[in-house]
Amino acid sequence: MALLQYFNQGLIECGLDESGRGCLAGPVVAAAVILKKDFYHPLLNDSKKVSAENRQILKSFIIDNALAFSVQSIDNNTIDKINILQASILAMHNCLEQLALQPDLLLIDGNYFKPFQHIPHHCIVKGDSKFSCIAAASILAKTYRDEYMEQLHEDFPSYNWNKNKGYGTKKHVAALQEYGTTIYHRKSFHFPQKQ
């Protein structure tokens, strides 16, 4: 199914999505993107359905062609303090505060959001596979976060973050059992204990 280019043609719409919500380590990263109504790229889709190589192509295209965008992260320590849902929403709110253009309508991937200022919003389940602006936000959030986790991997190679990006794969869980947690792990999540 083709992505929809807008919810309401007469409004400036901003798509919002996050990456890293289900990870054991690292930040949650959100992106907000405002696109032109005729924005189009044949590869654009939900970031989970796009190859890593094509995500990089899309990242550059979105950055070059978006009317406005912002990417913000919330670290694992804050996630532990306020919980992952609240951290995801905080990251989205921070994105909106940094946008160079004020949107009239927010389109959020998922089923929950806290209102931002007085801007109307719609929560759309699987919105990243329905609307171009949310798909673009999903691409930026994922590529920025993946690059950050690849950098962290250099200091903590045992956890395989260059491949799993902090998700709970077998190798990541095995490393947790052998070496314990790092300063980047989310302590509020339940880990297998070091023997």
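Summarised in this report is the structure supplied together with it.

With respect to the side chain of S47
Structurally, S47 can be placed in the loop between strand 2 (28-34) and helix 1 (52-65). A relative accessible area of 5% means that S47 is categorised as buried. Not counting residues within four places of it along the chain, the set of residues in contact with S47 comprises R55, S138, I139 and K142.

Notes on the layout of surface pockets
Taken as a whole, the largest pocket holds about 360 Å³ of empty space. Lining the largest pocket are 20 residues, with D17, E18, R21, K48 and D109 positioned closest to its centre. For the lining of the largest pocket, the class distribution of residues is six nonpolar, seven polar and seven charged.

What about the sheet that holds strand 2?
Sheets are built from strands paired through backbone hydrogen bonds, the pairs being either parallel or antiparallel. An order of 3-2-1-4-5 is seen for the five strands of this open sheet, with the pairing classed as mixed. Looking along the sheet, the strands with just one partner apiece sit at the ends: strand 3 (68-74) and strand 5 (121-124). On average, each strand axis in the sheet is inclined to that of its neighbour by 20 degrees, with strand direction left out of account. Both strand 1 (residues 13-19) and strand 2 contribute to a ladder of six bridges, which runs antiparallel. Across the sheet, the residue bridging to C14 is I34, located in strand 2.

Remarks on helix 4 (residues 132-155)
With 24 residues, helix 4 extends 36 Å from end C-alpha to end C-alpha; this agrees with the ideal 34 Å at 1.5 Å per step. Most of helix 4 sits inside the fold, with 17 of its 24 residues counted as buried.

Thoughts on the nonpolar core
V33, L35, L44, I62 and L107 are the most contacted members of the largest nonpolar core, which totals 23 residues. Of all elements in the fold, only strand 2, helix 1, strand 4 (105-109) and helix 4 reach the threshold of two or more residues within this core. Of the residues forming this core, the biggest block, eight residues, is contributed by helix 4. When near neighbours in sequence (up to four residues on either side) are disregarded, L107 contacts F7, E13, C14, G15, L16, H122, I124, F131, C133 and I134.

Quick notes on the packing of aromatic side chains
Summed over the entire model, instances satisfying the criterion amount to seven aromatic pairs. Seen from their ring centres, F7 and F131 are 6.0 Å apart, and the 45 degrees between their planes marks the pair as tilted. Remark: F131 occurs in the loop between strand 5 and helix 4 and F7 occurs in the segment before strand 1; sequence separation between them is 124 residues. We classify F131 as buried; its relative accessible area is 8%. Linked through ring pairs, F156, Y159, W161, Y179 and Y184 together constitute an aromatic cluster. Lying over the aromatic face of Y144, K59 brings its terminal NZ or CZ to 4.6 Å of the ring centre.

Brief notes about the packing of helix 1 against helix 4
Relative to each other, helix 1 and helix 4 sit at 115 degrees, their axes nearing to 9 Å. Between helix 1 and helix 4 the crossing geometry is left-handed. Seen from helix 1, the contacting residues are R55, Q56, L58, K59, I62 and I63; seen from helix 4, they are A136, I139, L140, K142, T143, Y144, D146 and E147.

Points about the side chain of R186
Tracing the backbone shows R186 in the segment after helix 6 (170-179). No salt bridge forms around the buried R186; measuring N to O, its nearest opposite-charge neighbour D80 is 6.6 Å away. Of the polar contacts made by the side chain of R186, one reaches the backbone oxygen of G26; its length is 3.0 Å. From its side chain, R186 meets the backbone oxygen of P27 in a polar contact 3.1 Å long.

Comments concerning the pattern of salt bridges
In total, this model carries seven salt bridges according to the counting rule given. Here D46 ties to K48 by a salt bridge, and the two come within 3.3 Å at their closest N and O atoms. Judged by its relative accessible area of 5%, D46 falls in the buried class. The partner of D146 in a salt bridge is R55, with the nearest N and O atoms 3.7 Å apart. One end of the pair, D146, is in helix 4; the other, R55, is in helix 1, with 91 residues separating them in the sequence. Exposure remark for R55: the relative accessible area of 11% places this residue in the buried category.

What counts and what doesn't
- Residues numbered from 1 in each chain as written.
- Predicted model: local features only at pLDDT ≥ 70, side-chain atom pairs only at ≥ 80, totals over all residues.
- Heavy atoms only, no water.
- Helix = DSSP H or I, 4+ residues; strand = E, 2+ residues; numbered from the N terminus.
- Buried < 20%, exposed > 50% of the residue type's maximum accessible area, 1.4 Å probe, protein only.
- Contact = heavy atoms within 4.5 Å.
- 1 Å grid on protein atoms, 1.4 Å probe; cavity = no way out; pocket = protein on both sides within 12 Å on 5 of 7 lines; lining within 4 Å.
- Points joined across faces, edges and corners; volume = space filled by probe spheres on them.
- Nonpolar A, V, L, I, M, F, W, Y, C, P; charged D, E, K, R; others polar.
- Pairing = 2+ DSSP bridges.
- Axes fitted to C-alpha atoms, helices over the stretch in contact; angles between N-to-C directions.
- Expected span 1.5 Å × (residues − 1).
- Core = buried A, V, L, I, M, F, W, Y, C linked by side-chain atoms within 4.5 Å.
- Phe/Tyr/Trp six-rings, centres within 6.5 Å; stacked < 30°, edge-to-face > 60°.
- Lys NZ or Arg CZ within 6 Å of the ring centre and 35° of its normal.
- Left-handed = near helix turned anticlockwise from the far one by under 90°.
- Lys, Arg positive; Asp, Glu negative; His and termini not counted.
- Salt bridge = Lys/Arg side-chain N within 4 Å of Asp/Glu carboxyl O.
- Polar contact = N/O pair within 3.5 Å; in protein donor to acceptor, adjacent residues only side chain to side chain.

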